[in-house]
Amino acid sequence: TQLLEQSPQFLSIQEGENLTVYCNSSSVFSSLQWYRQEPGEGPVLLVTVVTGGEVKKLKRLTFQFGDARKDSSLHITAAQPGDTGLYLCAGAFLLSGGSNYKLTFGKGTLLTVNP
Amino acid sequence: SAVISQKPSRDICQRGTSLTIQCQVDSQVTMMFWYRQQPGQSLTLIATANQGSEATYESGFVIDKFPISRPNLTFSTLTVSNMSPEDSSIYLCSGSRTGVAGELFFGEGSRLTVL
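The structure displayed is predicted, hence computed values, not measured ones. (Residues numbered from 1 in each chain as written. Chains lettered and ligands numbered in written order. Predicted model: local features only at pLDDT ≥ 70, side-chain atom pairs only at ≥ 80, totals over all residues. Heavy atoms only, no water.)

Caption draft 1: Broad picture of the pattern of salt bridges. Scanning all chains against the criterion turns up six salt bridges over all chains. The salt bridge involving Glu 38 of chain A is made with Arg 36 of chain A; its shortest N-O contact spans 2.7 Å. What makes Arg 36 of chain A buried here is its relative accessible area of 19%. Between Glu 58 of chain B and Lys 102 of chain A there is a salt bridge whose closest N-O contact spans 2.8 Å. Remark: Lys 102 of chain A occurs in strand 10 (residues 101–105) and Glu 58 of chain B occurs in the loop between strand 6 (56–57) and strand 7 (68–72); the pair is interchain, linking two chains. An identical accessibility class is assigned to Glu 58 of chain B and Lys 102 of chain A; each is buried. (Salt bridge = Lys/Arg side-chain N within 4 Å of Asp/Glu carboxyl O. Buried < 20%, exposed > 50% of the residue type's maximum accessible area, 1.4 Å probe, protein only. Helix = DSSP H or I, 4+ residues; strand = E, 2+ residues; numbered from the N terminus.)

This is the structure we're talking about:
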C-alpha cells in the first residue's frame, strides 16, 4: 500500500502570510496531484506534476515535485481568505495493463486564512 | 474537465435501511471510482466501478455492504446497505480519463446522515 503523509493537518494564518504544505511518501509515484475542496463540494484538481524536479505555478500557488518523485510541496504566497479550504495531495500509480491509474490520498490540510 | 453529477446531494436515513446513490458522468470518463470521506477526513477509496462486471473493492469494503453497479460507461450506482450511524459520511463519485496521469474529477458528493 502506497502511503502519503501530508502536513500540517491544520493551518490558520492571517491574510498576506505565506505558507507551505508538504506531502511525503516512501513510494515513487507516476504523478502527484493537488486538489482543493470547499465545504459541500467535491475536490477540484489544481495541478498535476509528473516529472521529478518539476515546478508549476498557478497564480500565487507554486507546486514542486521532488527529484525522486516521492514528495511534493505546495507553497502559497500572500494568502487570501479565498484560499481557505481543504488541500489534498494524491499520488497516482499505474495499474497493471498500463493505461489506467489508481490514486492514494494524503490526509489533507485544512487551511483557514483570516482577513 | 469531465462533468460528473451525483444524487442525492444529501439524505437523512434511519438505521437498518439502504440508500442508493446515482452517478452520471460524461463520455470522456473511462474509469469510475467511489470514495468515502468521513467528517473532517481525507478520501478513502471504496471501490472501482467496472463496466458490466463486479466492482473491485478495497480492503475493508465488501460487496454485501456496498453493492456497486455500472451497467454502462457513463452511469454507476453505490448502495449503502443496512446502514448504521457509522456510515454517516460523504460519498463521492469520481472519474478519470485514460492516459491523463490519473487525474480525477469529482461529483459534488452525497452527504449521508444515519440516525
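Read on for the rest.
Caption draft 2: Geometry of the sheet that holds strand 7 of chain B. All names here are of chain B. In space, the four strands of this open sheet follow the order 1-3-8-7, with antiparallel pairing throughout. Edge positions in the sheet fall to strand 1 (4–7) and strand 7, since each of these pairs with one other strand and no more. Each strand axis lies, on average, 20° off the axis of its neighbour in the sheet, ignoring direction. Inspection of the sheet shows strand 1 paired to strand 3 (residues 19–25) by four bridges, in the antiparallel sense. (Pairing = 2+ DSSP bridges. Axes fitted to C-alpha atoms, helices over the stretch in contact; angles between N-to-C directions.)

Caption draft 3: Expanded view of the side chain of Thr 48 of chain A. For Thr 48 of chain A, the location among the structural elements is in strand 5 (residues 44–49). Under the relative-accessibility criterion, Thr 48 of chain A is labelled buried at 6%. A distance of 2.7 Å separates the side chain of Thr 48 of chain A from the side chain of Glu 103 of chain B, its partner in a polar contact. Not counting residues up to four positions away in its chain, the partners in contact with Thr 48 of chain A are Ser 31, Leu 32, Gln 33, Glu 54 and Lys 56 of chain A together with Ala 101 and Glu 103 of chain B. (Polar contact = N/O pair within 3.5 Å; in protein donor to acceptor, adjacent residues only side chain to side chain. Contact = heavy atoms within 4.5 Å.)

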